[in-house]
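A look at the structure
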Amino acid sequence: MTIRVLIVDDQAMVRAGFAALLSAQSDIDVVGDAADGRQALEVSGRTHPDVVLMDVRMPEMDGLEAARRLLDPPPGVVHRPRVLMLTTFDVDDYVYEALRAGASGFLLKDAPPADLIAAVRVVAAGEALLAPSVTRRLIEDFARTRPAPRRDPALRLNGLTPRETEVLELIARGLSNQEIAGRLVVAEQTVKTHIGRVLAKLDLRDRAQAVVLAYESGLVTPGQ
């Protein structure tokens with residue numbers, strides 16, 4: 001299956017470079033590009049990409065607002081692409097909010113070409129990017145500056161079984177599916193089944209959002 005990609009960045013050379021790299025892959029098709037968030041919404045509506053590479057800081061409408069609108073479309077709009085934020089380490093708060101909005105993860109803009117290609121494939125497959133420990137570190141750093149957990153997220157966990165809650169905690173601690181399987185002494189497929197149920201019960205798109213919820217609910221706290 002060919003992965004349809006939309007590239008959103010206010011720098012033309014960045015868009016061109018990413019497009020050339022991705023278009024050279026047999027399983028990736030760059031269906032469009034945009035210079036800001038407003039253009040991204042318009043082009044996405046026409047081209048229906050599977051993955052949107054979204055820069056954070058842009059004129060007119062930034063990547064965070066564009067991601068929110070793509071991932072929470074108005075009534076009647078059924079297409080929701082997966083969004084991969086393009087960022088740098090100095091915008092951790094943007095990354096955190098993007099994950100809360102439903103973005104599948106982030107990629108550093110100066111990442112090696114192979115990482116960009118792999119990132120698109122990972123996100124298109126429905127996984128969070130990249131290593132769970134990277135997402136966890138960003139959220140843990142940001143969570144230290146936030147107030148005490150809100151009640152609503154904690155209440156959402158009430159519908160989980162004890163094993164599902166345990167799996168959610170291990171996800172938030174940065175363990176991979178294989179590592180979780182080893183910790184719980186179960187098959188990796190069993191872990192995937194538990195994760196699928198956690199995401200469904202909590203109405204989450206992927207494990208990146210699961211990590212956010214685990215911190216916001218107080219299930220996991222920084223420094224534990």
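Let us look at the structure shown here. Per-chain numbering applies: the sequence of each chain, read as written, is numbered from 1 onward. The predicted origin of the model limits local features to residues at a pLDDT of at least 70 and limits the giving and counting of side-chain atom pairs to 80 or more, whereas totals for whole chains, interfaces and linings rest on all residues. As a rule here, side-chain values cover all heavy atoms of the structure and leave hydrogens and water aside.

This part covers the overall build of the protein. A tally of helices and strands in the protein yields 11 helices and 5 strands. The buried share of the protein, taken over its 224 residues, is 46%. Between two residues, a contact is recorded if the distance between any of their heavy atoms is within 4.5 Å. If you take every contact in the protein between residues at least 6 apart in sequence, the share linking residues at least 24 apart comes to 67%. In DSSP terms, a helix is any run of H or I states spanning at least four residues, a strand is any run of E spanning at least two, and both are numbered starting from the N terminus. A 1.4 Å probe rolled over the protein chains alone gives each residue an accessible area, and that area as a share of the maximum for its type sets the label: buried under 20%, exposed over 50%, partly exposed in between.

What you tend to see is this: most non-glycine residues have negative phi, and most peptide bonds are trans. In this model, histidine 48 sits at a positive phi of 50 degrees, which is unusual for a non-glycine residue. Structurally, histidine 48 is set in the loop between helix H2 (37–47) and strand S3 (51–55). At aspartate 203, a position not held by glycine, the phi torsion is positive, near 55 degrees. Along the chain, aspartate 203 turns up in the loop between helix H10 (188–202) and helix H11 (207–217).

This brings us to the pattern of salt bridges. Here, a salt bridge means any side-chain nitrogen of Lys or Arg that lies within 4 Å of a carboxyl oxygen of Asp or Glu. In total, this model carries 10 salt bridges according to the counting rule given. Between arginine 68 and glutamate 65 there is a salt bridge, with the nearest N and O atoms lying 3.3 Å from each other. Taken together, the residues span about one helical turn, with arginine 68 and glutamate 65 both in helix H3 (residues 63–71) at a distance of 3 residues. Judged by relative accessible area, glutamate 65 falls into the partly exposed class, the value being 26%. A cluster of three or more residues bridged by salt bridges with shared partners is formed by Asp9, Asp55 and Lys109.

Our next topic: the packing of helix H8 (residues 162–172) against H11. Axis separation between H8 and H11 bottoms out at 9 Å; the angle between their running directions is 100 degrees. The angle between the axes of H8 and H11 places the two elements in the roughly perpendicular class. Counted together, Leu168, Ile171 and Ala172 of H8 and Arg207, Ala210, Val211, Ala214 and Tyr215 of H11 form the full contact between these two elements. A per-class count over the contact of H8 with H11 returns 7 nonpolar, no polar and 1 charged. Here an axis means a line fitted to C-alpha atoms, over the contact stretch when the element is a helix, while the angle between two N-to-C directions is reported on a 0 to 180 degree scale. Orientation labels follow simple angle bins: below 35 degrees gives roughly parallel, above 145 gives roughly antiparallel, 65 to 115 gives roughly perpendicular, and whatever is left gives oblique. The classification used treats Ala, Val, Leu, Ile, Met, Phe, Trp, Tyr, Cys and Pro as nonpolar, Asp, Glu, Lys and Arg as charged, and all other residues, Gly among them, as polar.

Turning to the packing of helix H9 (residues 177–184) against H10, a few remarks are in order. Running from N to C, H9 and H10 cross one another at 105 degrees; their axes reach a closest spacing of 8 Å. The angle between the axes of H9 and H10 places the two elements in the roughly perpendicular class. Contacts from Asn177, Gln178, Ile180 and Ala181 of H9 reach H10 at Glu188, Val191, Lys192 and Ile195. Considering only residue class, the contact of H9 with H10 consists of 4 nonpolar, 2 polar and 2 charged.

This brings us to the nonpolar core. Each nonpolar core is a collection of buried residues, namely Ala, Val, Leu, Ile, Met, Phe, Trp, Tyr and Cys, held together in the definition by side-chain atoms within 4.5 Å. In this structure, Leu168, Ile180 and Leu202 are the most contacted members of the largest nonpolar core, which totals 23 residues. Elements with a minimum of two residues in this core: H8, H9, H10 and H11. Not counting residues up to four positions away in its chain, the partners in contact with leucine 168 are Leu157, Leu160, Val198, Leu202, Ala210, Ala214 and Leu219. Core analysis: the next-biggest nonpolar cluster, separate from the first, contains 20 residues, Met58, Ala66, Ala67 and Met85 among them.

Mapped onto the elements of the fold, leucine 213 is located in helix H11. Its relative accessible area of 3% is what places leucine 213 among the buried residues. Considered as a pair, leucine 213 and arginine 156 are 57 residues apart in the sequence and their alpha carbons are 9.1 Å apart.

Let us now look at H3. Taken residue by residue, H3 has Gly63, Leu64, Ala66, Ala67, Leu70 and Leu71 as its buried positions. Burial along H3 is one-sided: seen end-on, the buried residues are contained in an arc of 160 degrees. Contacts described as polar in this section are N or O atom pairs within 3.5 Å, which, within protein, must combine one atom able to donate a hydrogen with one able to accept it, while residues neighboring in sequence count only if both atoms come from side chains. The backbone nitrogen of leucine 64 has a side-chain oxygen 3.2 Å away, supplied by the residue at the start of H3, namely aspartate 62. Directions drawn from the helix axis to the C-beta atoms are what define this arc.

So, about the side chain of arginine 15. Within the element layout of this structure, arginine 15 appears in helix H1 (residues 12–23). On the basis of relative accessibility, which here comes to 15%, the residue arginine 15 falls in the buried class. Setting aside chain neighbours within four positions, we find arginine 15 in contact with Ile7, Asp9, Asp10, Asp33, Ala34 and Ala35.

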